[in-house]
Amino acid sequence: MCIMVDMPYHGASPLQHPTCLSQLQQLAPAIVEESLKLCDVELEAKETVLLGIGHSFGGTFLLHVELERGIFHHLLLWEPILQGREFSPKARASLLESMSKRTDVWPTYQQASQSLRSARYLQRLSAEVLEEYIRGVLRTDADSSTTRLVNSNHKESQYYAHSMPLAVYSNFLETLNASTAPLTVLVGERSSHMKVAEMQV
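Residues numbered from 1 in each chain as written. Predicted model: local features only at pLDDT ≥ 70, side-chain atom pairs only at ≥ 80, totals over all residues. Heavy atoms only, no water.

With that out of the way, let us pick up the pattern of salt bridges. On inspection of all chains with the given rule, the structure shows four salt bridges. Note that Arg117 and Glu131 form a salt bridge whose closest N and O atoms lie 2.7 Å from each other. A residue pair is termed long-range when its members are at least 10 positions apart, and Arg117 in helix H4 (residues 109–117) and Glu131 in helix H5 (residues 127–137) qualify at 14 residues. The exposure class assigned to Glu131 is partly exposed, which follows from its relative accessible area of 30%. In this structure, Arg135 and Glu132 form a salt bridge, with 2.4 Å as the shortest nitrogen-oxygen distance. On the criterion of helical spacing, the pair formed by Arg135 and Glu132 is a turn pair, its members being three residues apart in helix H5. Its relative accessible area of 48% is what places Glu132 among the partly exposed residues. (Salt bridge = Lys/Arg side-chain N within 4 Å of Asp/Glu carboxyl O. Helix = DSSP H or I, 4+ residues; strand = E, 2+ residues; numbered from the N terminus. Buried < 20%, exposed > 50% of the residue type's maximum accessible area, 1.4 Å probe, protein only.)

Contact pair H4 / H5: the axes reach a minimum separation of 11 Å and the direction vectors enclose 130°. Comparing their axes, H5 and H4 come out oblique. Seen along the crossing, H4 lies across H5 with a hand that is right-handed. In this structure, H4 contributes Tyr109, Ser113, Leu116 and Arg117 to the contact, and H5 contributes Leu130, Glu131, Ile134, Arg135 and Val137. Looking at the contact of H4 with H5, its residues break down into five nonpolar, one polar and three charged. (Axes fitted to C-alpha atoms, helices over the stretch in contact; angles between N-to-C directions. Parallel < 35°, antiparallel > 145°, perpendicular 65-115°, else oblique. Left-handed = near helix turned anticlockwise from the far one by under 90°. Contact = heavy atoms within 4.5 Å. Nonpolar A, V, L, I, M, F, W, Y, C, P; charged D, E, K, R; others polar.)

Right, let's talk about the confidence of the model for the protein chain for a bit. For the protein chain, per-residue confidence averages 76 on the pLDDT scale, and 72% of positions sit at 70 or higher. The low-confidence segment residues 196–201, where pLDDT is below 50, has twelve contacts with residues more than four positions distant or belonging to other chains. (pLDDT = per-residue confidence, 0-100.)

Here's what the structure looks like:
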């Protein structure tokens with residue numbers, strides 16, 4: 001069974017007041033556990049094996065759940081946002097600028113699909129995985145052919161603009177080592193926020 005958690009300020013989750021961002025550390029375990037409950041997953045059952053896979057903020061989100069609850073048997077974190085300092089105003093502005101330039105709405109589903117297929121960072125995916133990705137990130141308006149990214153620029157920019165409470169740890173290597181579950185961390189060779197050399201633990 002595959003369970004995808006729709007985190008606040010991402011995916012199809014409702015846009016909440018920015019002050020809720022400061023509470024995400026407390027809310028993260030409850031959000032995941034509620035998703036498991038809705039899918040009738042019994043955490044106490046011996047046959048229950050939970051594997052957590054998260055990218056970027058999703059990886060940090062799942063790591064925080066593991067540190068608080070210890071419910072996973074293994075975590076695979078793909079470039080989780082972990083750093084030892086707050087984002088500088090310059091870095092935050094750069095993120096917001098990049099977000100503002102991203103296309104998140106197209107006249108038709110076909111145009112949206114073609115646009116994503118042409119994205120260089122997605123061309124490494126297999127055809128099957130790419131099809132699933134496209135189906136997952138796009139939504140077409142019921143009253144028109146307009147197609148949008150589920151995770152709109154406006155929604156995601158609110159997260160970057162107001163706070164990044166799950167992204168800062170005094171020492172992210174110590175944080176990773178504090179996990180009781182085995183961890184696999186994937187880091188790009190040209191990662192701008194996590195250096196390969198720093199991941200040698």
